[in-house]
Amino acid sequence: MNNLVLNEVRNEIESLHQFFCGWFNGQLPEEEFDSQFLSRFSPDLVFIPPAGNLLGLDDLSASVRAGYASNHDFRIQIRNVTVQHEFDGHIIATYEEWQRNALASKPTNNGRIASVVFTTGQSLKWLHIHETWLPEEIMDADSYDF
């Protein structure tokens, strides 16, 4: 495993989720949406949240944009980032996303495991994301003190 690749992937995942916290907390200027959010994704993005519906970039961006400053207590912690595969200009990684005070989710304190496919080049671009709830016993047993 190449530690430089793992660090690049971890930084990108953590940076996007820091954006989500700043956006939903209302701490980021609205004019940063395109540069801090849209620029990270492939136009062909496929996003599957834990509910199982299929979203493209337009759907995801409309939903995120509409949530600006809607949840001042929202927090995310990223755990267990792992690069699973690297091949032909792509990276597949997994990570856990732990959310505290997520008003749009039930339960509001929750954890999910995600797999992501990045395209590589000048920067990583999110191409495919699939999230699944962590088992309740894992979510209930862990800490949301972040």
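Summarising the element assignment, Asp-73 is placed in the loop between α3 (57–66) and β2 (75–87). Through-space distance from the C-alpha of Asp-73 to that of Ser-15 is 18 Å; in sequence the pair is 58 residues apart. Beyond its immediate sequence surroundings of up to four residues, Asp-73 is in contact with Asn-25, Arg-100 and Asn-101.

What follows covers the side chain of Ser-105. Following the sequence through the fold, Ser-105 ends up in the loop between β3 (90–100) and β4 (110–119). The class for Ser-105 is buried, based on a relative accessible area of 12%.

Right, let's talk about the packing of aromatic side chains for a bit. The tally for this structure, following the rule as stated, stands at 16 aromatic pairs. One aromatic cluster is present, built from ring pairs that chain together Phe-19, Phe-20, Trp-23, Phe-24, Phe-33, Phe-37, Phe-41, Tyr-68, Phe-74, Tyr-95, Phe-118 and Trp-126. For the cation-ring pair, Arg-79 lies above Trp-98, with the distance from its terminal atom to the ring centre recorded as 4.2 Å. Here Arg-100 stacks its cationic end above the ring of Phe-146, 5.6 Å away from the centre of that ring.

With that settled, consider the sheet that holds strand β5 (residues 125–133). Strand order in the open sheet formed by 5 strands is β1-β5-β4-β3-β2, with mixed pairing between adjacent strands. In this open sheet, the two edge strands, each paired with only one partner strand, are β1 (41–48) and β2. On average, adjacent strands in this sheet sit at an angle of 20° to one another, irrespective of strand direction. Of the strand pairs in this sheet, β3 and β4 are connected by 10 bridges, and their pairing is antiparallel. The partner of Ile-91 across the bridge, within β4, is Phe-118. With respect to the sheet, helix α1 (residues 3–25) is in contact with β1, β2, β3, β4 and β5, its orientation differing from that of β2 by roughly 145°.

To continue, consider the pattern of salt bridges. Evaluated as defined, the whole model comprises 4 salt bridges. Glu-12 is the partner of Arg-40 in a salt bridge, and the nearest nitrogen-oxygen pair spans 2.7 Å. You can see Arg-40 sitting in the loop between α2 (33–36) and β1 and its partner Glu-12 sitting in helix α1, a full 28 residues away along the chain. As far as the burial class goes, Arg-40 and Glu-12 line up, both buried.

Regular strands have side chains that alternate between both faces of the sheet. The element β4 is extensively covered by neighbouring structure, given that 7 of its 10 residues are classed as buried. As paired strands, β4 and β5 are joined by 8 bridges and run antiparallel to one another. Looking at β5, one finds that Ala-114 is bridged to Glu-131. What sits between β4 and β5 in their antiparallel hairpin is a turn of 5 residues.

The rules behind each value
Residues numbered from 1 in each chain as written. Predicted model: local features only at pLDDT ≥ 70, side-chain atom pairs only at ≥ 80, totals over all residues. Heavy atoms only, no water. Helix = DSSP H or I, 4+ residues; strand = E, 2+ residues; numbered from the N terminus. Contact = heavy atoms within 4.5 Å. Buried < 20%, exposed > 50% of the residue type's maximum accessible area, 1.4 Å probe, protein only. Phe/Tyr/Trp six-rings, centres within 6.5 Å; stacked < 30°, edge-to-face > 60°. Lys NZ or Arg CZ within 6 Å of the ring centre and 35° of its normal. Pairing = 2+ DSSP bridges. Axes fitted to C-alpha atoms, helices over the stretch in contact; angles between N-to-C directions. Salt bridge = Lys/Arg side-chain N within 4 Å of Asp/Glu carboxyl O.

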